[in-house]
Amino acid sequence: MSSKPRLFSGMQPSAESLHIGNYIGALLQWKELQSTHDAIFCIVDLHAITVAQEPAALRENTRRTAAQYIAAGIDPQVSTLFVQSHVAAHPQLAWVLNTITGFGEASRMTQFKDKAAKQGADTASVGLFAYPTLMAADILLYNAVAVPVGDDQKQHVELTRDLANRFNTRFGATFAMPEPLILKETARIYDIQNPASKMSKSAESAAGVVWLLDEPSVTAKKIKSAVTDAGREVRYDVAEKPGVSNLLTIFSVLSDRSISSLEVDYQGRGYGDFKKDLADVVVETFAPIRERTRELLDDPAELDRVLASNADRAAAIADATLANVYDRIGLLPKG
Ligand code: ATP
Ligand code: LTN
């Protein structure tokens, strides 16, 4: 047994490639956390199907997501990296949690309200409504105490805490209390064509999304045509210069240099030089990840084997928790 605190986080296999927002906002930090925590990272395919997915693409994107995480430094020997649908206890515990979740309580989740409003209330599925209880099951099955998420997922972790508390009060101490680990504010990356919105896999236009797996020439071109702001000064000022500030954040994180030293370096040199150098930094960062991702995807049998053995490790923990839960709520064990 590891004495490190248990950590759990998840990502949806909802695109062919991750983007630089996922890389800076999640991957880089998860990579650090795996040395201080007993980390479990889950590719949440059952969450992904709460909105329509094309079957062949979902299968392919699940492998691709796993490959990119491994290529970027999530080590499946150190952390547990697995596919949610490989461990049946996730939907099984989610069902139990559904029975102690209020209809009104679930209706207050802002992600559901936003997504349902986008789709139209009649097309939004029961699965989408139950997204947060499946996420609670993910976390509680492993008694995770640390849950790294973006700000938008904080409400779901709060719900998870409420459900853990409710279950423990009603049926006796069963679940550990998870804490959200809100990732650094500097870790939020914006669309490089539209710096008012967060860079997103599901953006209406991909022009402002920098994909990890794009050809270097495509990446460089995208960055060189990033929206900058009036004037020609490279200065960090989110209100006046959101475009340049976003590029400075990316440059600073990827080159491990402070924003102020970059400002000094590009003083009086205009945006052109700055964007050209940033394009080089991004391309250099992504090149080895892209190459390693390709190698991993060239041997899908080996990748599937790694995911299967990691799922076995996860299931050993999850099945024990589920058995305890079933016992506590009074389900008759199979004789
Ligand atoms: P998208 O909206 O792009 O589909 P998401 O938020 O649904 O992305 P997931 O695939 O569910 O992303 O999660 C992957 C991780 O990447 C999460 O931890 C999320 O917080 C992080 N992430 C996604 N977009 C950004 C961004 N623009 N800046 C920083 N972090 C991000
Ligand atoms: N909802 C999360 C993904 C997710 C997750 C989890 C995160 C599913 N299960 C458990 C942390 C813990 C998202 O959209 N980023």
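Refer to the structure printed above.
What counts and how
Residues numbered from 1 in each chain as written. Chains lettered and ligands numbered in written order. Predicted model: local features only at pLDDT ≥ 70, side-chain atom pairs only at ≥ 80, totals over all residues. Heavy atoms only, no water. Near = heavy atom within 4 Å. Polar contact = N/O pair within 3.5 Å; in protein donor to acceptor, adjacent residues only side chain to side chain. Areas by Shrake-Rupley, 256 points an atom, 1.4 Å probe, with all protein chains shown as cover. Nonpolar A, V, L, I, M, F, W, Y, C, P; charged D, E, K, R; others polar. Helix = DSSP H or I, 4+ residues; strand = E, 2+ residues; numbered from the N terminus. Buried < 20%, exposed > 50% of the residue type's maximum accessible area, 1.4 Å probe, protein only. Contact = heavy atoms within 4.5 Å. Salt bridge = Lys/Arg side-chain N within 4 Å of Asp/Glu carboxyl O.

Some points on the site of ligand 1
Inference 1: Residues in close proximity to ligand 1 total 17 residues, the closest being A187, I189, K198, M199 and K201.
Inference 2: Between an oxygen atom of ligand 1 and a side-chain N or O atom of H19, the distance comes to 3.2 Å.
Inference 3: Take K201: an N or O atom from its side chain is 2.4 Å from an oxygen atom of ligand 1.
Inference 4: Across the complex, the protein chains shield 86% of the 590 Å² of accessible surface that ligand 1 would expose by itself.
Inference 5: When its residues are assigned to classes, the shell around ligand 1 shows 6 nonpolar, 8 polar and 3 charged.

Some points on the site of ligand 2
Inference 1: Taken together, the neighbourhood of ligand 2 is formed by 13 residues, with G10, Y131, M135, D138 and Q153 sitting nearest.
Inference 2: Here a nitrogen atom of ligand 2 and a side-chain polar atom of D138 are 2.7 Å apart.
Inference 3: Burial of ligand 2 by the surrounding chains reaches 88%, relative to a free accessible area of 370 Å².
Inference 4: Broken down by secondary-structure element, the contributors of at least two residues to the shell around ligand 2 are β1 (6-11), α8 (131-141) and β4 (146-149).
Inference 5: At 4 residues, the largest contribution of residues to the shell around ligand 2 is made by α8.

Some words on the environment of R188
Inference 1: Relative to the helices and strands, R188 resides in the loop between β5 (179-182) and α10 (216-224).
Inference 2: With relative accessibility at 30%, the residue R188 sits in the partly exposed group.
Inference 3: Remark: the alpha-carbon pair of R188 and G120, spanning 68 residues in sequence, is separated by 28 Å.
Inference 4: Residues within four places of R188 in sequence aside, it is in contact with D151, D152, K198 and N246.

Description of the side chain of N246
Inference 1: Relative to the assigned elements, N246 resides in helix α11 (residues 242-255).
Inference 2: What N246 contacts, discounting residues up to four positions off in sequence, is R188, I189, Y190, D191 and I192.

Thoughts on the pattern of salt bridges
Inference 1: Applying the stated criterion to the full structure yields 15 salt bridges.
Inference 2: Where D214 meets K222, a salt bridge forms, and the shortest distance between an N and an O atom there is 3.7 Å.
Inference 3: Judged by relative accessible area, K222 falls into the buried class, the value being 14%.
Inference 4: A salt bridge links D237 to R235; the nearest nitrogen and oxygen atoms lie 3.0 Å apart.
Inference 5: Within the structure, one salt-bridge network assembled from shared partners comprises E233, R235 and D237.

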